[in-house]
Amino acid sequence: MDYIKAVQDISHGSKLAKIYTFGCQQNENDSERIAGILSDMGYGLTDDVNRADFVVFNTCAIRENAEKKVYGILGSIKHVKEMKREMIIALCGCMANEEHNREKIKKTFNWVDIVFGTNSIHRLPGLLYERLQSKKQIISEDEDNQVHEGIKTKRQSKIRAGVPIMYGCNNFCSYCIVPYVRGRERSRSEEDILKEVVEAKHGGCKEIMLLGQNVNSYGGGGDNFARLLEHVSDTGIERIRFMTSHPKDISESVIKVMAERDNICNSLHLPLQSGSSKILKAMNRKYTKEWYLEKVDMIKSYIPDIALTTDIIVGFPGETTPDFEETLDVLGKVRFDMIYSFIFSPRKGTPAEKMEDVISDEEKKRNFERMLDFQNEISLQKNLVLKDAEEYVLTEGESKTNSDFMTGRTESNKIVNFKGDKSLEGEIVKVKITEVGTFSLTGEIKGLR
Ligand code: SAH
Ligand code: SF4
Ligand code: F3S
């Protein structure tokens, strides 16, 4: 049955949808696919939930506060739904694949109309049709572990595009919910990936971000990701980035391709999680502090000016302050351009949920703050090197804080603000860096590339 047409037939007039997206770039991309399906069904998009006929919550389960945010906003729009009974509310994404959240939605949020999992986006028209016909809460149960192609993407940005290369994760890091809610690793075909990259390029896109929880195991691992990178580079798209790379899997062949190809950006996100080999073992990361440092040396030997970023978890069960100081030691040695840091949040059903803490929450917070101070100084020092340098910046749009300024990113992914107008949007411009801060740079435009 053609559910897209069936939905159009029973819902009259022009309709609006609002999509809330939480979590990572994979979820951003899923929301763009949801937007594509909604647009096929005749929905326009709105930012104003009060005007929406269809509201989607594309959720994240990575930490407790991600879930709290969703329930907070859901609770706050209950009265909108009560006034507007025809409004349909759908909840999807990673929370929708957790049994306890499904139960909570059935019991406490029974006014949520449709619940569907991360790998059921293609089923949305059928689920909506079922809901409109039955007027009952629809909870989609049958998730598969396939790759579903052919879903149109309605992208948020014309300039930068996320392109998934694989879904799911097999690594089962002991703290992480992703393998449970996203299923096992499966890769898209190279043909489908390249088709999407070329289409984006023809649409004016300048930067591609290849997406996967562990891109280095694309196509089963080995040199497959390095070959894919070469072929994506051959399309001639201006800039290529990728994330995430698991340190245990990143290979020399990938780094060589990065070093050889001008259109693969000289920046790499390589999540460390902890600098203590003891904690890394408890996290099931399958590498040691020394192994990580050796990888970084290998990477810097090919690409000396690489910009490295990482993720750190502070307060993992069993982490003492001396263990935590091992992380500071690695930060001092690697000198990352930026870190994303999180306090450990126990996730239901993961092995780390049951592991015991050895230090208090206060001590964890103190360590966390200490790490931020330590890293901010390094980030500032690394940015200071760029003072007076000329950098190529891909202009993304107007600065949010000052409309005389445009904002964009260097190849190393640093934010640069510079005086300019909207005609520069999507252009790669040469900018001389005049001021540096910890999180962004300011510059003067010197010309188009
Ligand atoms: N696939 C990516 C990470 C995806 S999750 C990788 O392997 O690096 C993004 C980040 O969230 C992780 O790198 C980790 O630092 C953090 N994270 C995951 N689970 C967490 C938890 N239970 N508590 C705190 N941070 C967590
Ligand atoms: Fe989570 Fe580890 Fe998989 Fe990353 S590699 S998604 S941290 S289980
Ligand atoms: Fe969150 Fe799911 Fe991404 S748990 S971080 S949205 S894979």
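Residues numbered from 1 in each chain as written. Chains lettered and ligands numbered in written order. Predicted model: local features only at pLDDT ≥ 70, side-chain atom pairs only at ≥ 80, totals over all residues. Heavy atoms only, no water.

A few points about the overall build of the protein chain
Thinking step 1. A tally of regular secondary structure across the protein chain gives 14 helices and 19 strands.
Thinking step 2. Rg of the C-alpha trace for the protein chain: 23 Å, near the compact-globule value of 22 Å for 449 residues, within the 12% margin.
Thinking step 3. Along the first, second and third principal axes, the C-alpha set of the protein chain runs to 60 × 55 × 45 Å.
Thinking step 4. Looking at the protein chain as a whole, 53% of its 449 residues qualify as buried.
Thinking step 5. Restricting the contact set of the protein chain to residue pairs at least 6 apart, pairs at least 24 apart contribute 74%.
Thinking step 6. Accessible surface, the protein chain as shown: approximately 20,100 Å² in total, 48% of it carbon and sulfur.
Thinking step 7. The averaged location of the 70 negative side-chain charges in the protein chain is 3 Å from the averaged location of its 65 positive side-chain charges. (Helix = DSSP H or I, 4+ residues; strand = E, 2+ residues; numbered from the N terminus. Rg over C-alpha atoms; globule rule 2.2 N^0.38 Å. Buried < 20%, exposed > 50% of the residue type's maximum accessible area, 1.4 Å probe, protein only. Contact = heavy atoms within 4.5 Å. Areas by Shrake-Rupley, 256 points an atom, 1.4 Å probe, with all protein chains shown as cover. Lys, Arg positive; Asp, Glu negative; His and termini not counted. Charge placed at Lys NZ, Arg CZ, Asp CG, Glu CD.)

A closer look at the packing of helix α12 (residues 289-302) against helix α13 (residues 321-334)
Thinking step 1. Running from N to C, α12 and α13 cross one another at 10°; their axes reach a closest spacing of 11 Å. On the basis of their axis angle, the class for α12 and α13 is roughly parallel. Across the interface between the two elements, Lys289, Tyr292, Leu293, Val296 and Lys300 from α12 touch Glu326, Asp329, Val330, Lys333 and Val334 from α13. (Axes fitted to C-alpha atoms, helices over the stretch in contact; angles between N-to-C directions. Parallel < 35°, antiparallel > 145°, perpendicular 65-115°, else oblique.)

Quick notes on the site of ligand 3
Thinking step 1. Surrounding ligand 3, one finds Cys24, Asn27, Cys60, Ala61, Ile62, Cys94, Arg182 and Gln213.
Thinking step 2. When grouped by side-chain class, the residues that make up the shell around ligand 3 number 5 nonpolar, 2 polar and 1 charged. (Near = heavy atom within 4 Å. Nonpolar A, V, L, I, M, F, W, Y, C, P; charged D, E, K, R; others polar.)

Things to note about the domain arrangement of the protein chain
Thinking step 1. For the protein chain, the assigned domains are domain 1 (3-139), domain 2 (157-265), domain 3 (293-383) and domain 4 (390-448).
Thinking step 2. The interface is formed by 6 residues belonging to domain 3 together with 7 residues belonging to domain 4.
Thinking step 3. Interface of domain 3 and domain 4: buried area, both sides summed, is about 620 Å²; carbon and sulfur atoms make up 56% of it.
Thinking step 4. The largest per-residue losses of area from domain 3 upon contact with domain 4 belong to Asn376, Leu380 and Asn383, which jointly make up 66% of the total buried on that side.
Thinking step 5. Here domain 3 and domain 4 share 1 salt bridge between them.
Thinking step 6. A salt bridge links aspartate 337 to lysine 414; the shortest N-O distance between them is 2.6 Å.
Thinking step 7. Where domain 3 touches domain 4, the interface holds 4 residue pairs in polar contact (both at pLDDT 80 or more).
Thinking step 8. It is helix α14 (residues 361-384) that contributes the most residues to the side of domain 3 that touches domain 4, 4 residues altogether.
Thinking step 9. Here the side of domain 3 that touches domain 4 is composed, by residue class, of 2 nonpolar, 3 polar and 1 charged. (Domains from an automatic or database assignment. Buried area = accessible area lost by both parts, 1.4 Å probe. Salt bridge = Lys/Arg side-chain N within 4 Å of Asp/Glu carboxyl O. Polar contact = N/O pair within 3.5 Å; in protein donor to acceptor, adjacent residues only side chain to side chain.)

What about the packing of aromatic side chains?
Thinking step 1. Across all of its chains, the model carries 11 aromatic pairs by this definition.
Thinking step 2. An angle of 15° between the planes, with centres 4.7 Å apart, marks the rings of tyrosine 20 and phenylalanine 57 as stacked. In this pair, tyrosine 20 sits in strand β1 (residues 15-21) while phenylalanine 57 sits in strand β3 (residues 54-59), placing the two residues 37 residues apart along the sequence. Accessibility assignment for this pair places tyrosine 20 and phenylalanine 57 in one class, buried.
Thinking step 3. Each ring, one from phenylalanine 172 and one from tyrosine 180, has its centre 5.3 Å from the other, and the planes form 85°; the classification is edge-to-face.
Thinking step 4. We classify phenylalanine 172 as partly exposed; its relative accessible area is 30%.
Thinking step 5. The class for tyrosine 180 is partly exposed, based on a relative accessible area of 38%. (Phe/Tyr/Trp six-rings, centres within 6.5 Å; stacked < 30°, edge-to-face > 60°.)

What about the site of ligand 2?
Thinking step 1. What surrounds ligand 2 is the set Cys169, Asn171, Phe172, Cys173, Tyr175, Cys176, Val178, Pro179, Gln213, His246 and Arg285.
Thinking step 2. Considering only residue class, the shell around ligand 2 consists of 7 nonpolar, 3 polar and 1 charged.

Observations concerning the sheet that holds strand β2 (residues 43-45)
Thinking step 1. Strand order in this open sheet of 6 strands is β2-β1-β3-β4-β5-β6, and the pairing throughout is parallel. Of all strands in the sheet, those bounded by a partner on one side alone are β2 and β6 (138-139).
Thinking step 2. In the sheet, strand β5 (residues 114-115) pairs with β6 via 2 bridges, with the strands oriented parallel. The residue of β6 that forms the bridge with isoleucine 114 is isoleucine 138.
Thinking step 3. Strands in contact with helix α3 (residues 64-76) are β1, β3 and β4 (88-93); relative to β3, the strand with the most contacts, it is inclined by about 165°. (Pairing = 2+ DSSP bridges.)

Considering the pattern of salt bridges
Thinking step 1. By the definition in use, this model includes 35 salt bridges.
Thinking step 2. Across the salt bridge formed by aspartate 113 and lysine 81, the nearest N and O atoms sit 2.7 Å from each other. Taken as a pair, aspartate 113 in the loop between α5 (99-107) and β5 and lysine 81 in helix α4 (residues 78-83) lie far apart in primary sequence, 32 residues in all.
Thinking step 3. Aspartate 113 gets classed as buried once you look at its relative accessible area, which sits at 4%.
Thinking step 4. In this structure, aspartate 223 and arginine 227 form a salt bridge, with 3.9 Å as the shortest nitrogen-oxygen distance.
Thinking step 5. Taking relative accessible area as the criterion, arginine 227 reaches 33% and is therefore assigned partly exposed.
Thinking step 6. It is possible to trace a salt-bridge network through shared partners that takes in Glu32, Arg33, Glu149, Arg155, Arg188 and Glu196.

Details of the side chain of glutamate 391
Thinking step 1. Examined against the element boundaries, glutamate 391 turns out to sit in strand β15 (residues 390-398).
Thinking step 2. Buried charge without a partner: glutamate 391 forms no salt bridge, and the closest opposite charge is arginine 239, 6.9 Å away.
Thinking step 3. Ignoring sequence-local partners within four residues, the contact set of glutamate 391 consists of Leu386, Thr410, Val429, Lys430, Val431 and Ile433.

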